[in-house]
Amino acid sequence: MEICMISGQCPGPCVFPPTFDAHRQLKLRQFCCCYSSDGKTHSSPVASRMFIFGVGFVGKFFAAELKMEGWDISGTCTSVSKKKELQHMGLETFLFNAEDHDLNCLPRLQDTSHLLISIPPISGLGDPLLGLYRDLLRSKLSNGKLQWLSYLSTTSVYGDTGGAWVDENCPVKASSESAKARLVAEEGWLELGRALGVPAYVFRLGGIYGPGRSAVDTIIKQQTLTKNQRNRESTKFTSRVHVADICQVLKACINKPSLSGGVYNVVDDDPTPRVEVFEFAREMLKEKWPGEMAKSLPSPVTDFIHKKDDYKGEKRVSNALMKRELGIKLLHPTYRSGLRSIAESLHNPFP
Ligand SMILES: NC(=O)c1ccc[n+]([C@@H]2O[C@H](COP(=O)([O-])OP(=O)(O)OC[C@H]3O[C@@H](n4cnc5c(N)ncnc54)[C@H](OP(=O)(O)O)[C@@H]3O)[C@@H](O)[C@H]2O)c1
């Protein structure tokens, strides 16, 4: 069996939309090191084709980074306006709502070398791709082209440990329906990888933030918190991760695949309560734009009372495995550096 490794590229800041010509240039320089059964290493150009089921927040950043490195990217979204946006980034985009469309409307799927699944489970159905198309997926992906399969999951599968640290070897205690559905989805994608003879990975992500989606953005836009955010507001430990670090982890995994695949937590070093994160963001913005912040509304986190009964899923999630096995050095080990980088990239955002 041959293991193909794409030559490493330094993780850099997310920039999009990337330009198409730059990608073509880079693509020509992209090589694959093949370790064959004779033990010798050969280098040859490789077609690196990523297909992303659900080009959402993470998918968009990841696609932009891979585009910069010359990959061909295809992916799905559910709306026409999003499709246009993704096409503008140079992605081959397909309108695909798992419940309404047929997998046969995705012609690029069987040509893909790398597959990322970012569509969350649906209430009552579970993972929509596995629930509706498991056999079709298996037959479309079994032509030997697929080398890497990854599923984006969540740390909520660990349930409540009363604040104790959890790693990938800890028993999962998913209590909510959505966390249970995640676990079933995780096992389903790992199982599909085994059936196809392809290394499959599950990445359990903490709360995702990045440019456009962060405490900084919430305060600037004077948005109120969603119900989920409010529920998480009362927790003492909230794991989070900057989207640039998620991209870094995914790329490290592509560059250094293991034969057996695996499960990795993807979180930063600092499981801090959200209240603290919002306070930090607010103080930082006040310092940067004192006049504008004085005009803005009170911090959204002070708008409601924390109830002890709301405490849910207290746990601290360890990231030691991704550091050890994938060689990850976090770009943003704490929310402080992540939020500072977001604020620094903004010109005066106040209308
Ligand atoms: N947000 C967090 O803090 C967090 C934390 C841990 C894990 N996660 C999970 O990690 C993954 C990536 O997160 P994210 O924030 O990048 O997610 P996201 O922005 O919500 O993206 C999800 C993608 O799935 C697509 N999708 C949703 N329902 C679909 C359906 N029925 N059929 C087809 N496509 C569907 C969406 O389509 P459109 O692009 O058209 O909307 C979108 O492209 C998701 O599974 C998410 O649930 C999120």
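As the structure is a computational prediction, the values presented were derived from the model and not from experiment. (Residues numbered from 1 in each chain as written. Predicted model: local features only at pLDDT ≥ 70, side-chain atom pairs only at ≥ 80, totals over all residues.)

Trainee: Describe the overall build of the protein chain, with residues and values.
Mentor: For the protein chain, the helix and strand inventory stands at twelve helices and 14 strands. Taking all 351 residues of the protein chain together, 39% fall into the buried category. Sequence separation of 24 or more characterises 77% of the internal contacts of the protein chain that already satisfy a separation of 6 or more. (Helix = DSSP H or I, 4+ residues; strand = E, 2+ residues; numbered from the N terminus. Buried ≥ 20, exposed ≤ 12 C-beta atoms within 10 Å, placed from the backbone. Contact = placed C-beta atoms within 7 Å.)

Trainee: Quick rundown of the nonpolar core? Include the residues and the values.
Mentor: In terms of nonpolar packing, the biggest core is built from 64 residues, with Ile52, Ile117, Trp189, Phe203, Ile246, Val249 and Val266 touching the most fellow members. At eight residues, the largest contribution of residues to this core is made by helix α8 (residues 243-255). Counting residues in hydrophobic clusters, the runner-up holds twelve residues, among them Ala215, Val216, Phe278 and Ala281. (Core = buried A, V, L, I, M, F, W, Y, C linked by C-beta atoms within 7 Å.)

Trainee: Could you give an account of the packing of helix α2 (residues 57-68) against α8, with specific residues and numbers?
Mentor: Across the interface, α2 lies against α8 with an axial gap of 9 Å and an inter-helix angle of 60°. One way to sum up the angle between α2 and α8 is to call them oblique. For the element pair α2 and α8, the recorded crossing hand is right-handed. Together, Phe57, Val58, Phe61, Phe62 and Glu65 of α2 and Val243, Ile246, Cys247 and Leu250 of α8 make up the contact between the two elements. Considering only residue class, the contact of α2 with α8 consists of eight nonpolar, no polar and one charged. (Axes fitted to C-alpha atoms, helices over the stretch in contact; angles between N-to-C directions. Parallel < 35°, antiparallel > 145°, perpendicular 65-115°, else oblique. Left-handed = near helix turned anticlockwise from the far one by under 90°. Nonpolar A, V, L, I, M, F, W, Y, C, P; charged D, E, K, R; others polar.)

Trainee: Describe the site of the ligand, with residues and values.
Mentor: Residues in close proximity to the ligand total 25 residues, the closest being Gly54, Gly56, Val58, Thr78 and Pro120. Going through the elements one at a time, α2, β5 (72-77), β8 (148-154) and β11 (207-209) are the ones with two or more residues in the shell around the ligand. Element by element, the count of residues in the shell around the ligand is highest for α2, at three residues. For the shell around the ligand, a count of residues per class yields 13 nonpolar, ten polar and two charged. (Near = placed C-beta within 6 Å.)

Trainee: Any chance you could break down the sheet that holds strand β7 (residues 114-117) for me, citing the residues and the numbers?
Mentor: As summarised here, the arrangement of the seven strands in space is β6-β5-β4-β7-β8-β10-β13, forming an open sheet in which the pairing is parallel. Since the sheet does not close on itself, it has two edges, and those belong to β6 (92-95) and β13 (262-266), each with one partner. Each strand axis lies, on average, 20° off the axis of its neighbour in the sheet, ignoring direction. As judged from the five bridges shared by strand β10 (residues 200-205) and β13, these two strands associate in the parallel manner. (Pairing = 2+ DSSP bridges.)

Trainee: Outline α8, listing residues and values.
Mentor: Structural remark: α-helix, 3.6 residues per turn; residues separated by three or four positions point the same way. Spanning 13 residues, α8 covers 18 Å between terminal C-alpha atoms, matching the ideal 18 Å at 1.5 Å per step. The complete set of buried residues in α8 reads Val243, Ala244, Asp245, Ile246, Cys247, Gln248, Val249, Leu250, Lys251, Cys253 and Ile254. (Expected span 1.5 Å × (residues − 1).)

Trainee: Describe in detail the environment of Val266, supporting the description with residues and values.
Mentor: With respect to the helices, strands and loops of the structure, Val266 is situated in strand β13. Once the C-alpha coordinates of Val266 and Val249 are considered, the two residues, 17 residues apart in sequence, prove to be 7.7 Å apart. Excluding anything up to four places from it in sequence, Val266 contacts Phe203, Arg204, Leu205, Gly206, Val241, Ile246, Val249 and Met322.

Trainee: Pulling in residues and values, what's your account of the confidence of the model for the protein chain?
Mentor: In low-pLDDT regions, the fine details of the predicted coordinates are not to be read closely. Of all residues in the protein chain, 77% have pLDDT values of 70 or greater, and the mean over the chain is 82. Across residues 1-46, where pLDDT falls below 50, the model places 72 contacts with residues more than four positions away in sequence or in other chains. Taken together, the stretch residues 301-311 has pLDDT below 50 and engages in 13 contacts with residues farther than four places along the chain or on a different chain. (pLDDT = per-residue confidence, 0-100.)

Trainee: Break down the environment of Val241 for me, citing the residues and quoting the values.
Mentor: Here Val241 shows up in strand β12 (residues 240-242). With 28 C-beta atoms counted inside 10 Å, the residue Val241 sits in the buried group. A sequence separation of 32 residues divides Val241 from Tyr209, and the C-alpha atoms of the two residues are 6.3 Å apart. Excluding residues that lie within four positions of it along the chain, Val241 makes contacts with Leu205, Gly206, Ile208, Ile246, Val266, Val267 and Asp268.

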